[in-house]
Amino acid sequence: MKRKFWGKYDGLKYGWLKDTKKFFVLLVTVFIFFRCVIGFSFVKGDSMEPTLHDGELVVYTRINPKYEKGDVISVRIPSGEYYVKRIIAMAGDTVDIRDGRVYVNDGLIDEPYVAGGTYGQEGPVRYPFTVEDGQIFVMGDNREISMDSRSFGVVGTRQIKGKLWLHAGWFYIRRI
């Protein structure tokens, strides 16, 4: 009699165990996906306006090993904070700021996304500045208020969290 009573619940135990295993496999898969493939971040401040606004959610890919000038990235700055900035120059490029404009390798770069003039800031960078191997020079789009490579220096390519490819405001989602 006792054996028959517990035998009724073997199927339920097996089903529960099977569902628990599926849940943990799903949990590990989601963790790996968000740890290795994509990430989320919120824009803090107005330094990327008009492209991105304070409080917007951005999605970035971590598996894009090729970054180019003009890409918007999530990057860890030397102080340890994470910022969303635009790549202006890469290894071997020479950056110069003259008359409120940015020149890379002696050519004026076309920046239709920029708000305000671009001027030098107090910091370790003296112009013209050549970016060394393994480093990038980043700036915000709202140049007059942005804290970027002009003030904290270049950042290493290993400090890039990912390349932004999507952002969501209050009422829309748009690819970058």
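See the structure above.
No experiment lies behind these values; they were computed from the predicted model shown.

Things to note about the overall build of the chain
Argument step 1. The helix and strand tally for the chain stands at three helices and twelve strands.
Argument step 2. Burial status across the chain gives 37% buried among its 176 residues.
Argument step 3. Surface summary for the chain: the accessible area is close to 11,300 Å², and the carbon and sulfur share equals 59%.

Thoughts on the packing of aromatic side chains
Argument step 1. Taken as a whole and assessed by the stated rule, the structure comprises five aromatic pairs.
Argument step 2. Each ring, one from Phe33 and one from Phe34, has its centre 5.5 Å from the other, and the planes form 80°; the classification is edge-to-face.
Argument step 3. The exposure class assigned to Phe33 is partly exposed, which follows from its relative accessible area of 38%.
Argument step 4. Taken together, the ring pairs connect Phe33, Phe34 and Phe40 into an aromatic cluster.
Argument step 5. One residue, Arg86, lies across the ring of Tyr113, its end atom 3.7 Å from the ring centre.
Argument step 6. Here the guanidinium or amino end of Lys161 rests over the ring plane of Tyr82, the centre of that ring lying 4.1 Å away.

Description of the pattern of salt bridges
Argument step 1. Counted under the stated rule, the structure contains six salt bridges.
Argument step 2. With a closest N to O distance of 2.8 Å, Arg86 and Asp141 form a salt bridge. Here Asp141 lies in the loop between β9 (135-139) and α3 (149-152) and Arg86 lies in strand β4 (residues 82-90), a separation of 55 residues in the sequence. This pair shows no difference in class: Arg86 is buried, exactly as Asp141 is.
Argument step 3. A salt bridge links Arg150 to Asp148; its shortest N-O distance comes to 2.8 Å.
Argument step 4. Judged by relative accessible area, Arg150 falls into the buried class, the value being 1%.
Argument step 5. Given the relative accessible area of 0%, Asp148 is considered buried.

With respect to the sheet that holds strand β7 (residues 107-108)
Argument step 1. Overall, antiparallel pairing links the four strands, which are arranged β7-β6-β5-β8 in an open sheet. The open sheet is flanked by β7 and β8 (129-130), the only strands paired with a single partner.
Argument step 2. Bridge count between strand β5 (residues 94-98) and β8: two bridges; the pairing is antiparallel. Within the sheet, the bridge partner assigned to Val95 lies in β8 and is Phe129.

Concerning the side chain of Glu111
Argument step 1. Considering the arrangement of structural elements, one finds Glu111 in the loop between β7 and β8.
Argument step 2. Within the local environment of Glu111, its side chain forms a polar contact with the side chain of Arg143, the two groups lying 2.6 Å apart.

Structural notes on the layout of surface pockets
Argument step 1. What the largest pocket holds in volume is close to 210 Å³.
Argument step 2. Surrounding the largest pocket, Ser41, Phe42, Val43, Lys44, Ser47, Met48, Tyr82, Tyr83, Val84, Lys85, Met147 and Lys161 form its lining.
Argument step 3. Of all the secondary structure elements, the ones that give two or more residues to the lining of the largest pocket are β1 (38-42) and β4.
Argument step 4. Examining the composition of the lining of the largest pocket, we find that four residues originate from one element, β4, more than from any other.
Argument step 5. Each residue belonging to the lining of the largest pocket can be placed in one class, and the counts come to seven nonpolar, two polar and three charged.

Basis of the calculations
Residues numbered from 1 in each chain as written. Predicted model: local features only at pLDDT ≥ 70, side-chain atom pairs only at ≥ 80, totals over all residues. Heavy atoms only, no water. Helix = DSSP H or I, 4+ residues; strand = E, 2+ residues; numbered from the N terminus. Buried < 20%, exposed > 50% of the residue type's maximum accessible area, 1.4 Å probe, protein only. Areas by Shrake-Rupley, 256 points an atom, 1.4 Å probe, with all protein chains shown as cover. Phe/Tyr/Trp six-rings, centres within 6.5 Å; stacked < 30°, edge-to-face > 60°. Lys NZ or Arg CZ within 6 Å of the ring centre and 35° of its normal. Salt bridge = Lys/Arg side-chain N within 4 Å of Asp/Glu carboxyl O. Pairing = 2+ DSSP bridges. Polar contact = N/O pair within 3.5 Å; in protein donor to acceptor, adjacent residues only side chain to side chain. 1 Å grid on protein atoms, 1.4 Å probe; cavity = no way out; pocket = protein on both sides within 12 Å on 5 of 7 lines; lining within 4 Å. Points joined across faces, edges and corners; volume = space filled by probe spheres on them. Nonpolar A, V, L, I, M, F, W, Y, C, P; charged D, E, K, R; others polar.

Geometry only, nothing functional implied.
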